[in-house]
Amino acid sequence: MRIWCFDCFTDDEEEGRLKQSAMDNNNNNNDDVDLDLNERELGVCEDERWPLCEEMMLATTEEDGAELEQLWSSEIRSHPHLLLQGESSNAAAAPAAVGEDCTMEEADHDSYHKRAKVYSGLTEARSASGVSSDAGSSVERTVSFGVASSSQTDADMFCQNFILNYSRKDGKKDEGDDNGSSESEDFELHIDLTDDLLHMVFSFLNHIDLCRSAMVCRQWRVASSHEDFWKALNFENIRISIEQFEDMCLRYPNATEVNVYGTPSVNALAMKAATTLRNLEVLTVGKGHISENFFQALGECNMLRSVTVNEAILGNGAQEIHLSHDRLRELKITKCRVMRLSIRCPQLRSLSLKRSNMSQAMLNCPLLQLLDIASCHKLLDAAIRSAAISCPQLESLDVSNCSCVSDETLREIAQACAGLHILNASYCPNISLESVHLPMLTVLKLHSCEGITSASMTWIANSPALEVLELDNCNLLTSVVLHLSHLQSISLVHCRKFTELNLQSVMLSSITVSNCPALRRITITSNSLRRLALQKQENLTTLVLQCQFLQEVDLSDCESLSNAVCEIFSDDGGCPMLKSLILDNCESLTEVRFRNSSLGSLSLVGCRAVTSLELKCPRIEQICLDGCDHLETAFFQPVALRSLNLGICPKLSVLNIEAPYMVSLELKGCGVLSEASIICPLLTSLDASFCGQLRDDCLSATTASCPLIESLVLMSCPSIGSDGLSSLNGIPNLTVLDLSYTFLMNLEPVFKSCIRLKVLKLQACKYLTDTSLEPLYKEGALPALEELDLSYGTLCQTAIDDLLACCTHLTHLSLNGCVNMHDLDWGSTNVQPFDYFGVYSSGEITQEPAEAGNRLLQNLNCVGCPNIRKVFIPPAARFYHLSTLNLSLSVNLKEVDLACSNLVLLNLSNCCSLEVLKLGCPRLASLFLQSCNMDEAGVEAAISRCCSLETLDLRFCSKISSVSMARFRAVCPSLKRVFSSPNLAD
């Protein structure tokens, strides 16, 4: 069978030739001819088939795909005889093939016996095509698709060249070079798929893709036209003519589904489908005018099971429409305009008339189970009652947004439809459910029903099988008291006058209560509830829970909750399986005490009134106390916390922690903390910065109970003295110690206790004397020390010089703001240059240091040293590892002369007195000269020897003009980023 989209390629003359060729070749390969004859006998219009295929593809493809299809269409229309010859080449060449190679016979044998044949390379294709080319011209490539033939016809060449030249998305042809190679040589291997494989692959394609596949070869054309792929004819929103649709119905008479929604002649097409396709089961029409004859014709479709009519005018809009069908099971007439509707379908199970404009619906559907008449505004109360009670088997009824529905109608429906399970009466202002008895009801939706009050709950309680109840926006509802054993879900949103909720259900698993500003009391009993969210219930004061399996509770912004809520979530309360509790912004809480063996997470963010916190929760792993500004006492005994931040509790004075798994504790900013008992055997990091009242005895107890501390920060702890520092010998793994801004005068306890110390910070320790650091450079104390911070200290130049000369293991040194720091001149004759940074001057100057990797300084910071006027580091100083030098804000610095082979960053920002800059730093990558008075010549000379410089900052340099930027880039070609101010001098 031929696919319908390819018949446009055959004209009358060529078809006559095809018939004659088939007769002369003893009926060989005549399937297509016979089918063409049969199609002719059926009266199929050949001239109409191609426009239909073209319309389908162009309607659904993108712009690039549309151009491809238009090009293909134009080529085929201009050369129809070529493709015909290609299609019939097998039949016409059969006699000649007997005396030649058996290639054709083998190919046909493989095709008909469904054996896959593999072709490798393009050599055979090129030799078979017989295409020759002159030197220097492009060589045409042809690839055999589908069943191989003994000779390449013009049609084969046309199709193959078309696919090769126009199948690319960019629309460009593959151009060959002088040697005859092109991108088409990617086709080094192809395979003729068997019919079974093609059938399986094509089963995943839609109709448009099937049409495209039919253009590849004869085998694909036949495979894609199989009726299995055309059971459902979907022409939704496609411009298809009546003739084209009739052709499709004749070609595929066994089609079971048809969709002509949005087609130009929807009524005629629907009539044609109903009268032609005897196996039709599903029909979808709409978006137009549907005549009464269509509904009468539906009665002749015996196999019809489902009909959908959407957005249509039925009849003339003012007449009665009759529909009668004995086997129809599903009917949807939605968004339609009709005066009256009469339906007689004894087998109908589902009927939807949603949003249809009708005044009366007469139903004779004794087996109807689902009726949807939502938003049928013109249906009166009596019409709804008459339609519903005529369906005694009704199980689901949707009358939402039908403002005429009354309680009397619901009472009669309840009596007539004893098996009603689902009722949606949302947006029905006249119902209150009084005297309405629905014993089998499982789902009840009453959104925005103004007549629903607390009295309605009495009648709802008479539905023992109720599972889902929705009462959103019921503004007159004040209380809900329900004891329903099967209730699983309830929703109460935007109920303004709602004050009390009392639910008792073993199966209750979902509760949605939101934006009920008057709600004061909630009582819930359930064995299935896992999560409870009651956010923003501002007046909620009483909460009673008996939920054995409740695990998550969110009570955020419940501002009226009192301390009694803690009893509910303790072990003696009604939630023994609780794991997560959120009490954010509960501003009425003052004392929080939990004794819960299952609680794992607690959040008290924004609880500003809490002054006391006591947790005995051995499984709690996470707690958040941000915004608890007035917390004074905190007891965590025991807890499973691994980290805790109490730095946001500035009024905390008493702290007791027993946390066997804690590794990090931050007390930064607890300025009034005076009593602290910290028992954390695995603690490795303790930050007690700005704990001004923390005493020596507290520090001693902490070091005794936390022997694994590695980092200890005691910045601005003035009460810590020698006794407290002596206790540091109990933490042998201490590597980081910060004693900045303290009143220490003697560091001897530190030198004796902290043998493994690597980082020591002593910023602004103004009471340290010149001899305080003598153990470092005279006695070899702290042999593992790598980083030392003496910023803003009062040490004299001699003490600093001795420190630099003997502490060979230092890698980072900070001397920021040291007023006693003078010129850094390592070229003076009276100074041994190597002693300053750990290279002793024994032996020759050019000798490499023995342990340079461990002995040389890498980072030197001298920010804001006002007495430094000159920095001179010659090559003989051998600063092999110095990579960063920061001299910014040294306002009196005038001369800098550096020869450091590994220096990467130099910061001279705000050195406003700088006049001379000499750099011999081949690896320097960043140079900062902000607000310096250097002239252009000085900067140019400085960077000329920095072959790796990438970043140069010259902002606010008054003597540098904008035209100099090009000169700097010429002198230093490696420059990538030059920062300059827009107001540079011209």
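You'll find the protein chain entered in an unreviewed UniProt entry as F-box domain-containing protein, with Brassica campestris given as the organism.

Q: Describe the overall build of the protein chain, listing the residues and the values that go with them.
A: Looking only at helices and strands, the protein chain has 28 helices and 50 strands in total. By the burial criterion, 49% of the 986 residues in the protein chain qualify as buried. In the protein chain, the proportion of contacts linking residues at least 24 apart, taken out of those at least 6 apart, comes to 46%. By element, 49% of the accessible surface of the protein chain is carried by carbon and sulfur atoms, the whole surface being about 43,200 Å².

Q: Explain the packing of helix α14 (residues 242-251) against helix α15 (residues 266-276) to me, and be specific about the residues and the numbers.
A: α15 packs onto α14 with a crossing angle of 20° between their chain directions and a minimal axis gap of 10 Å. When the axes of α14 and α15 are compared, the pair comes out roughly parallel. Here α14 runs over α15; the crossing is right-handed. Each of I242, F245, E246 and C249 in α14 lies in contact with α15, whose residues at this interface are A268, L269, K272, A273 and T276. Its residues assigned to classes, the contact of α14 with α15 comprises 6 nonpolar, 1 polar and 2 charged.

Q: Describe in detail a nonpolar patch on the surface, supporting the description with residues and values.
A: A cluster of nonpolar residues, L197, M200, V201 and F204, forms a patch on the protein surface that exposes about 420 Å² of accessible area. With respect to the helices and strands, the residue L197 is situated in helix α11 (residues 195-202).

Q: Explain the side chain of T409 to me, using residue names and the numbers behind them.
A: Position of T409 relative to the elements: it lies in helix α18 (residues 407-416). Filtering out sequence-adjacent residues up to four positions away, T409 remains in contact with D381 and R385.

Q: Kindly report on unusual backbone geometry, identifying the contributing residues and their values.
A: Cis geometry marks the peptide bond from Q637 to P638, where omega comes out at -20°. With respect to the element layout, P638 can be found in strand β30 (residues 633-639). At D557, a residue that is not glycine, the phi angle is positive and equals roughly 60°. Topologically, D557 is positioned in the loop between β24 (552-554) and α20 (565-568).

Q: Break down the nonpolar core for me, with residues and values.
A: One finds V480, F569 and F636 to be the most contacted residues of the largest nonpolar core, which totals 259 residues. Sorting elements by how many residues they give to this core places α15 first, with 5 residues. There are two domains that each give this core at least three residues, and those are domain 1 (195-229) and domain 2 (880-985). Once you skip the residues sitting within four places of it in the chain, V480 turns out to touch M457, L471, I490, L492, F498, E500, L501, N502 and L503.

Q: I'd like to hear about the sheet that holds strand β43 (residues 870-873), residue by residue, with values.
A: Taken in spatial order, the 4 strands of this open sheet run β41-β43-β45-β47, and their pairing is parallel. In this open sheet, the two strands that pair with only one neighbour each are β41 (824-825) and β47 (916-919). Alignment of β43 against strand β45 (residues 895-898), held across 4 bridges, turns out to be parallel. Looking at β45, one finds that V871 is bridged to V896.

Q: Any details on the pairing of strand β21 (residues 521-526)? Residues and values, ideally.
A: As paired elements, strand β19 (residues 500-504) and β21 share 5 bridges and run parallel to each other. Across the sheet, residue Q504 finds its bridge partner in β21, namely T525.

Q: Describe the sheet that holds strand β11 (residues 360-364), naming the residues involved and giving the relevant values.
A: If you walk across this open sheet you meet the 3 strands as β7-β9-β11, and the pairing is parallel. Of all the strands in the sheet, just β7 (320-324) and β11 have a single pairing partner and so form its edges. Strand-to-strand twist of the sheet, defined as the mean angle between neighbouring strand axes without regard to direction, takes the value 10°. The sheet contact formed by strand β9 (residues 340-344) and β11 spans 5 bridges and is parallel. Bridged to S342 within β11 is M362.

Q: Let's hear about the pattern of salt bridges: which residues, and what values?
A: Following the criterion strictly, the structure yields 19 salt bridges and no others. The salt bridge involving K778 is made with E774; its shortest N-O contact spans 3.7 Å. Judged by relative accessible area, K778 falls into the exposed class, the value being 57%. With a relative accessible area of 25%, E774 lands in the partly exposed category. When the shortest N-O distance is used, the salt bridge between E936 and R967 registers 3.1 Å.

Q: Please give an account of the side chain of D897 that cites residues and values.
A: On the secondary structure map, D897 appears in strand β45. For the buried D897, no salt bridge exists, and the shortest N-O distance to an oppositely charged side chain is 4.8 Å, to K918. What D897 contacts, discounting residues up to four positions off in sequence, is V871, F872, I873 and K918.

Q: How would you summarise the confidence of the model for the protein chain if you had to cite specific residues and measurements?
A: Per-residue pLDDT for the protein chain has a mean of 80; in total, 77% of the residues score no lower than 70. Within the model, the stretch residues 1-189 combines pLDDT values under 50 with 272 contacts to residues more than four positions away or in other chains. Between residues 829-854, whose pLDDT stays under 50, and residues either more than four places distant or in other chains, the model counts 52 contacts.

Q: Kindly report on the environment of F979, identifying the contributing residues and their values.
A: Structurally, F979 can be placed in strand β50 (residues 977-979). Considered as a pair, F979 and Q930 are 49 residues apart in the sequence and their alpha carbons are 9.3 Å apart. Excluding its chain neighbours within four sequence positions, the residues that come into contact with F979 are T951, L952, D953, L954 and R955.

Q: Quick rundown of the packing of helix α17 (residues 381-389) against α18? Include the residues and the values.
A: Close contact between α17 and α18 brings their axes to 9 Å; oriented N to C, the two are set at 5°. The angle between α17 and α18 places the two elements in the roughly parallel class. Contacts from D381, R385, A388 and I389 of α17 reach α18 at E408, T409, E412, I413 and A416. Classifying every residue of the contact of α17 with α18 gives 4 nonpolar, 1 polar and 4 charged.

Q: Would you mind going over the state of the cysteines in detail, with residue names and values included?
A: Considering all chains together, one arrives at 0 disulfides under this definition. In this structure C365 is a free cysteine whose sulfur lies 5.3 Å from that of C345, the closest cysteine sulfur available. On the basis of relative accessibility, which here comes to 0%, the residue C365 falls in the buried class. Here C404 is not cross-linked by a disulfide; its sulfur's nearest cysteine counterpart is in C402, at 8.0 Å.

Q: Before we move on, could you go through the environment of S570 and cite the residues and values that matter?
A: Within the element layout of this structure, S570 appears in the loop between α20 and β25 (580-582). Along the primary structure S570 and K616 are separated by 46 residues, whereas in three dimensions their C-alpha atoms are 9.7 Å apart.

Q: Got a sec to walk through the packing of aromatic side chains? Specific residues and values, please.
A: Tallied over the full model, the rule gives 6 aromatic pairs. With centroids separated by 5.6 Å and ring planes inclined at 80°, the aromatic side chains of F202 and W220 adopt a geometry described as edge-to-face. Here the residue F202 occupies a position in helix α11, and W220 occupies one in helix α13 (residues 218-224), the gap between them amounting to 18 residues. By relative accessible area, F202 is classed as buried at 2%. Measuring from ring centre to ring centre gives 5.3 Å for W230 and Y252, while their planes differ by 15°; the resulting arrangement is stacked. Of this pair, W230 sits in the loop between α13 and β3 (232-234) while Y252 sits in the loop between α14 and β4 (257-259), and the two are 22 residues apart along the sequence. With respect to burial, W230 and Y252 carry one shared label: buried. Three or more aromatic residues joined by ring pairs make a cluster, and in this case those are F202, W220 and F229. For the cation-ring pair, R955 lies above F979, with the distance from its terminal atom to the ring centre recorded as 5.5 Å.

About the criteria used
Residue numbering note: each chain is counted from 1, following its sequence as written. The model is predicted, so local features are restricted to residues of pLDDT at least 70 and side-chain atom pairs to those at 80 or more, both for listing and for counting; the totals for chains, interfaces and linings are taken over all residues. Only hydrogens and water are set aside when side-chain values are computed; all heavy atoms of the structure are taken into account. Secondary structure elements are defined from DSSP: runs of H or I of at least 4 residues count as helices, runs of E of at least 2 residues count as strands, and each element is numbered from the N terminus. A 1.4 Å probe rolled over the protein chains alone gives each residue an accessible area, and that area as a share of the maximum for its type sets the label: buried under 20%, exposed over 50%, partly exposed in between. Contacts were defined at the residue level, with two residues in contact if any of their heavy atoms lie within 4.5 Å. Using the Shrake-Rupley algorithm and a 1.4 Å probe, accessible areas are obtained, with residue cover drawn only from the displayed protein chains. Note on geometry: axes are lines fitted to C-alpha atoms, helical ones only across the stretch in contact, with angles between N-to-C directions running from 0 to 180 degrees. Orientation categories follow fixed angle ranges, with anything under 35 degrees roughly parallel, anything over 145 roughly antiparallel, 65 to 115 roughly perpendicular, and all other angles oblique. Note on convention: the crossing is left-handed when the near helix lies turned anticlockwise from the far helix by less than a right angle, right-handed when the turn is clockwise. In the scheme used here, Gly and all other residues not listed as nonpolar or charged are polar, with Ala, Val, Leu, Ile, Met, Phe, Trp, Tyr, Cys and Pro taken as nonpolar and Asp, Glu, Lys and Arg as charged. Only residues whose relative accessible area exceeds 30% and that form no salt bridge are eligible for patches; like-charged ones are grouped when within 9 Å, while nonpolar side chains (Val, Leu, Ile, Met, Phe, Trp, Tyr) are grouped when within 5 Å. Just to be clear on terms, a salt bridge is a Lys or Arg side-chain nitrogen sitting within 4 Å of an Asp or Glu carboxyl oxygen. The term nonpolar core refers to a set of buried residues drawn from Ala, Val, Leu, Ile, Met, Phe, Trp, Tyr and Cys, joined through side-chain atoms within 4.5 Å. Domain limits in this description derive from either an automatic procedure or a database domain assignment. For two strands to be treated as a pair, DSSP must find no fewer than two bridges joining them. Counted charges follow a simple rule, with Lys and Arg positive, Asp and Glu negative, and His plus the chain ends left uncounted. pLDDT expresses, on a scale from 0 to 100, how confident the predictor is about each individual residue. By disulfide we mean two sulfur atoms from cysteines, separated by a distance within 2.5 Å. We call Phe, Tyr and Trp rings a pair once their centres come within 6.5 Å, taking the six-membered ring for Trp, and we label the pair stacked below 30 degrees between planes, edge-to-face above 60, and tilted otherwise. The rule is short: NZ of Lys or CZ of Arg within 6 Å of the ring centre and within 35 degrees of the ring normal puts a charge over the ring.

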